[in-house]
Amino acid sequence: MPGERLMASGSDVGRFHGNSLTIVEATNQEEAESKEQGGSLLGVQKICCCWPPMIIALTFSISLSLSLSLSVSELMLSVHSVDLLSSKMGQNRMEHHTDHYHGNALIIRRGQTFQIELDLSRPFNSNTDKLHLDLRTGPLPMVSKNTHVIIQLVEELEDDRWEAKIVERNGNRIKLSVNSHAKAVIGKYKLTVTVESPKGGSATTRDPRKDIVMLFNPWCEDDTVYMDDEEEKKEYVLNDTGRLYYGTEKQIGDRTWNYGQFLEGMLEACLYVLEKSEIPPPGRGDPVNVVRVISAMINSQDDNGVLAGNWSGNYVGGVSPTAWNGSVEILKKYHKEGGLPVKYGQCWVFSGVTTTVLRCLGIPCRSVTNFQSAHDTDVSLTTDMYFDEKMEPFDELNTDSVWNFHVWNDCWMARPDLPPGNGGWQALDATPQETSQGTFRCGPASVTAIRTGQVYLKYDTPFIFAEVNSDKIYWQRNLDGIFTQIQCEKKAVGHCISTKAVGSDKRNDITHLYKHTEGSEEERIAVETASRYGTKPDVYSTSMAEDVSLEVKLEGEGPRMGADAQLTIVMTNFSSQTRKTTLHIQVAVMYYTGVLKGTVKKDKMPVALKPNEVKAMQWVLPYHSYQDQLVDQAALMLTLSGRVSETQQVLATQTSFRLRTPDLSIEAVGEAVVGKKMTAKITFTNPLPRTLKGVVLRVEGLGLQEVKEVVVGDVGSHSTVTRTEHFIPTQAGHRKLVAALDCKQLTQVCIVVPSSGLCWCVWTMIMP
């Protein structure tokens, strides 16, 4: 053909006996262009027209086969499917300690590797192909804000960075080991996979079922929330039930709280709370920011958070705070109703829900109860009581109060924003008491800083210090209108600070973490150090002599509901001379927050003390004095005041106590086996000499039964009622059935099936 140049060469391909094949490569311009443009495969070769037909046909077939093989290796690469290996019992979920969460989504913890598998259109060629993963979180993902992460392939993985490595190849499938950054933003990530080859590239479309949830990681040493002790991680991250403490320091009550952070819908609900908050996605990598905003979001005071607080005693339109047994119903309701605050909560409910959310997000957390918890309203770091010239309380000035108990949270993390040594437990309070930087929130405050009086360290350390270690100072107005300090109680607040023990239901007293031993030199130094940063820095400039003491004691477990309350007043004369005084006695009904409802009895008692005498005097509050006046927690405040005639020493003290309510008793009937119906009998005796109206039982148990209300109705005076409940256990292991009684005349009546009751599931479980 014109313009054609032939080149002949021998070849072993297609060689037959007695014949030699010649493959001719065309350099024809048209055919060369056709080759460059992906034209006919036949255009790359010319067959000599003089060859026999059979040889020509065979040569054609062989040439076509070779050309096709070459083109397949250059085909465009694409991703057919992505397998996140997210099964609950799979390697990813087990290694990341997320196997307890409901569902089969990929839930991982930051700073730790995880695996995914890709099914490609052809085998991956590391020499010519490229691949990277894109993770995006938040409404406006940006690489500079760490909300858009591009993960490249590397030969070897290194710690503390986003990267991926191919660890397995099987035909068109590859397995990647992906490493995440230990300070990655937590939350839900959208995943896309992008591949490139010499022939072009493609990316997967986002599939919501392939979203990845990233949590904090207490098992990663580089994570700010790292916790070393394995048993503590099991308790403060993985335990889905706990104990909350209430009452008074001398009558500590407890109840089980179902955190339920792993149940269906709970992870979504907790992430929803985070998304509703003011914190932008880039700030969600810092646990200090996260817990601070969670403390604001759990209450609804100024941001339509989870719970509406109510201390009025009127709970129409909602649920009484004492009726809640756990966080699950509250958080699910908040999520389902699109962020409408749930009614109602008080301090232990705020704390229980906070524990649920933080454990769900991966931050070690526990609920903490402080007995005799001060509420300092003027940042003086003292709890101040004001009296007029006649030693009558100055009500309009007495804004500080001491709550019988208050429940908040400890959460665990390092504090790189504070001086060294202030990491570890941080106090956090979601109950709306005072604003912090314009929002009802409190903390996180270093417990170490609280203990040492370093109240200048953020956040809200002065307020929490005053709750646990402020002195109670009594002031009297003089005739000239000036107030003089007349007494200082140094051991009035911050007693029996309690939390559930690790690995058991016992109460663990952690007062020593919050304050030095009362009266020790270290404790006094901490108090005086803190006071210098308050509004009354000179309050400790004057010392006072005292030779008469006054205290109140409760016998045994204290007075019971429905009977006269007997208390013992003890006075001690430390001098060698006679001392005389008249005690003014006042008892008021009190909300557990320290707010008084009203006085139920006033009395006077003249007292004469011999030299060095210790005198114990009985004082009785009759049942009829308080029977129609009680509010939640059945709390009462006893105030004693007087002046020693010989020395003009002022005596003043306050003691809160509660009237013990009866317990429910519960008996599990039958063998406890997953999937098998069983029975529990709940029994209650009315202790009052009057009929209880509208009694309701609330029964629930994780892995046993969802929340159920049982209407009991009226219960006669001193009558006993029994209700039988049937349920089917759905989870193996140590399970607890919780019952609480809701009644206007009685509060905080609850019981938990003893561990021996349903522990049988462990031993009699029938595995499929």
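Residues numbered from 1 in each chain as written. Predicted model: local features only at pLDDT ≥ 70, side-chain atom pairs only at ≥ 80, totals over all residues. Heavy atoms only, no water.

Visitor: Got a sec to walk through the overall build of the chain? Specific residues and values, please.
Guide: Within the chain, the secondary structure is distributed over 15 helices and 41 strands. Burial status across the chain gives 55% buried among its 768 residues. The contacts in the chain between residues at least 6 apart in sequence include a share of 65% that link residues at least 24 apart. Split by element, the accessible area of the chain, about 34,000 Å² in all, is 51% carbon and sulfur. (Helix = DSSP H or I, 4+ residues; strand = E, 2+ residues; numbered from the N terminus. Buried < 20%, exposed > 50% of the residue type's maximum accessible area, 1.4 Å probe, protein only. Contact = heavy atoms within 4.5 Å. Areas by Shrake-Rupley, 256 points an atom, 1.4 Å probe, with all protein chains shown as cover.)

Visitor: Can you explain the pattern of salt bridges? Please cite residues and give values.
Guide: Within this structure, the stated rule accounts for 29 salt bridges. Across the salt bridge formed by Glu725 and Lys708, the nearest N and O atoms sit 2.9 Å from each other. One end of the pair, Glu725, is in strand 39 (residues 720–727); the other, Lys708, is in strand 38 (residues 705–715), and 17 residues separate them in sequence. Judged by relative accessible area, which is 36%, Lys708 ranks as partly exposed. Among the charged side chains, a network of salt bridges with common partners joins Glu329, Arg698 and Glu709. (Salt bridge = Lys/Arg side-chain N within 4 Å of Asp/Glu carboxyl O.)

Visitor: Break down the UniProt feature "binding site: Ca(2+)" (unreviewed entry) in the chain for me, with residues and values.
Guide: As recorded in UniProt, the sites labelled "binding site: Ca(2+)" (unreviewed entry) are Asn469, Asp471, Glu518 and Glu523. Across 55 residues, the annotated set stays spatially compact, with a maximum C-alpha separation of 11.3 Å. Here Asn469 is to be found in helix 10 (residues 461–469). Overall, Asn469 belongs to the buried group, its relative accessible area being 2%. Mapping Glu523 onto the fold places it in helix 12 (residues 521–531). Each residue touching Glu523, except ones within four places of it in the same chain, is listed here: Asn469, Lys490, His516, Thr517 and Glu518. (UniProt positions renumbered as here; feature names shortened; annotations may be inferred.)

Visitor: Can you break down the environment of Thr113 residue by residue, with the values?
Guide: Inspection of the secondary structure assignment puts Thr113 in the loop between strand 4 (106–109) and strand 5 (114–120). Separated by 50 residues in the primary sequence, Thr113 and Glu163 have C-alpha atoms spaced 9.4 Å apart. If near-sequence neighbours (up to four positions away) are discounted, Thr113 is found in contact with His96, Leu157, Ser177, Val178 and Asn179.

Visitor: So what's going on with the packing of aromatic side chains? Residues and values would help.
Guide: Using the criterion set out here, one finds 16 aromatic pairs in the structure. Both rings, one in Tyr101 and one in Phe262, keep their centres 4.8 Å apart while their planes meet at 85°; by these two values the pair is edge-to-face. Of this pair, Tyr101 sits in the loop between helix 3 (91–95) and strand 4 while Phe262 is found in the loop between strand 14 (251–258) and helix 5 (266–276), placing the two residues 161 residues apart along the sequence. By relative accessible area, which is 7% here, Phe262 ends up buried. Cluster of aromatic residues (ring-pair linked, three or more members): Tyr386, Phe394, Trp475 and Phe483. The aromatic ring of Trp425 is capped on one face by Arg366, whose charged end is 3.9 Å from the ring centroid. (Phe/Tyr/Trp six-rings, centres within 6.5 Å; stacked < 30°, edge-to-face > 60°. Lys NZ or Arg CZ within 6 Å of the ring centre and 35° of its normal.)

Visitor: Tell me about a negative patch on the surface, and name the residues and values.
Guide: On the surface, a cluster of negative charge is contributed by Asp159, Asp160, Glu221, Asp222, Asp228 and Asp229. Along the chain, the position of Asp160 falls in the loop between strand 7 (148–152) and strand 8 (163–170). (Patch = residues over 30% accessible without salt bridge, like charges linked within 9 Å, V, L, I, M, F, W, Y side chains within 5 Å. Lys, Arg positive; Asp, Glu negative; His and termini not counted. Charge placed at Lys NZ, Arg CZ, Asp CG, Glu CD.)

Visitor: I'd like a rundown of unusual backbone geometry, residues and numbers included.
Guide: The residue after Lys343, namely Tyr344, is reached through a cis peptide bond having omega 5°. Here Tyr344 shows up in strand 16 (residues 342–345). Backbone torsion omega between Lys458 and Tyr459 reads 5°, so that peptide bond is classified as cis. As for its position among the elements, Tyr459 is in the loop between helix 9 (447–452) and helix 10. Positive phi values are uncommon outside glycine, yet Val379 reaches one of about 55°. Counting through the fold element by element, Val379 comes out in the loop between strand 17 (365–375) and strand 18 (383–387).

Visitor: Account for the sheet that holds strand 28 (residues 548–553), naming residues and giving values.
Guide: The strand order across the open sheet built from 3 strands is 28-29-32, with neighbouring strands paired in antiparallel fashion. Two strands lie at the open edges of the sheet, namely strand 28 and strand 32 (614–621), each paired on one side alone. Along the sheet, successive strands turn relative to each other by an average axial angle of 20°, direction set aside. Examined bridge by bridge, strand 29 (residues 565–573) and strand 32 share 8 bridges and lie antiparallel to one another. From the neighbouring strand, Gln566 faces strand 32, where its bridge partner is Val620. (Pairing = 2+ DSSP bridges. Axes fitted to C-alpha atoms, helices over the stretch in contact; angles between N-to-C directions.)

Visitor: Which residues make up the sheet that holds strand 24 (residues 472–477), and what are the values?
Guide: If you trace the 3 strands from one edge of the open sheet to the other, you get 18-24-25, paired in mixed fashion. Either end of the sheet is taken by a strand with one partner, and the two such strands are strand 18 and strand 25 (483–489). Across the sheet, the mean angle from the axis of one strand to that of its neighbour is 25°, orientation sign disregarded. In the sheet, strand 24 pairs with strand 25 via 6 bridges, with the strands oriented antiparallel. Bridge pairing links Arg477 to Phe483 in strand 25.

Visitor: Explain the nonpolar core residue by residue, including any values.
Guide: Counting residues in each nonpolar core, the largest one holds 61 residues, and the members touching the most others are Ile294, Val306, Leu331, Val353 and Ile363. Ranked by the residues each element gives to this core, the list is headed by helix 8 (residues 347–361), at 9 residues. In this view, Ile294 contacts Val273, Leu274, Thr354, Val357 and Leu358; residues no more than four positions away in its chain are not counted. Residues Met561, Ala668, Val710 and Phe727 belong to the second largest nonpolar core, which totals 53 residues. (Core = buried A, V, L, I, M, F, W, Y, C linked by side-chain atoms within 4.5 Å.)

Visitor: I'd like a description of the pairing of strand 11 (residues 200–203), backed by residues and values.
Guide: Taken together, the 4 bridges between strand 10 (residues 187–197) and strand 11 define a ladder with antiparallel strand orientation. For Glu196, the partnering residue across the bridge sits in strand 11 and is Gly201.

Visitor: Could you give an account of helix 10, with specific residues and numbers?
Guide: Across the 9 residues of helix 10, 8 count as buried, placing the element largely inside the fold. Residues Thr461, Phe463, Ile464, Phe465, Ala466, Glu467, Val468 and Asn469 constitute the buried set of helix 10.

Visitor: Any chance you could break down the confidence of the model for the chain for me, citing the residues and the numbers?
Guide: When pLDDT is averaged across the chain, the result is 84; 85% of the residues are at 70 or more. Low pLDDT, under 50, characterises residues 1–73; the stretch is placed with 55 contacts to residues that sit more than four places away or in other chains. Low pLDDT (under 50) marks residues 750–768, which in the prediction has 45 contacts with non-local residues, meaning those over four places away or in another chain. (pLDDT = per-residue confidence, 0-100.)

Visitor: Lay out helix 6 (residues 287–297) with the relevant residues and their values.
Guide: Most of helix 6 sits out of view: 10 of its 11 residues are buried. Every buried residue belonging to helix 6 is among Pro287, Val288, Val290, Val291, Arg292, Val293, Ile294, Ser295, Ala296 and Met297, and all of these are buried.

Visitor: Residue-level account of the environment of Thr647, with values.
Guide: Tracing the chain through its elements places Thr647 in the loop between strand 33 (635–643) and strand 34 (650–658). In this structure the C-alpha to C-alpha distance between Thr647 and Arg579, which are 68 residues apart in sequence, comes to 8.4 Å.

Visitor: Tell me about the packing of helix 5 against helix 8, and name the residues and values.
Guide: Helix 8 packs onto helix 5 with a crossing angle of 100° between their chain directions and a minimal axis gap of 10 Å. Relative to helix 8, the element helix 5 lies roughly perpendicular. Contacts between helix 5 and helix 8 pair Met266, Leu267, Cys270, Leu271 and Leu274 from the former with Thr356, Val357, Cys360 and Leu361 from the latter. Tallied by class, the residues present in the contact of helix 5 with helix 8 amount to 8 nonpolar, 1 polar and no charged. (Parallel < 35°, antiparallel > 145°, perpendicular 65-115°, else oblique. Nonpolar A, V, L, I, M, F, W, Y, C, P; charged D, E, K, R; others polar.)

Visitor: Now, about the side chain of Arg255: what can you tell me, with residues and values included?
Guide: Checked against the element boundaries, Arg255 lands in strand 14. Look at Arg255: it is buried, it has no salt bridge, and the nearest opposite charge is Glu700 at 7.4 Å. A distance of 3.2 Å separates the side chain of Arg255 from the backbone oxygen of Thr322, its partner in a polar contact. (Polar contact = N/O pair within 3.5 Å; in protein donor to acceptor, adjacent residues only side chain to side chain.)

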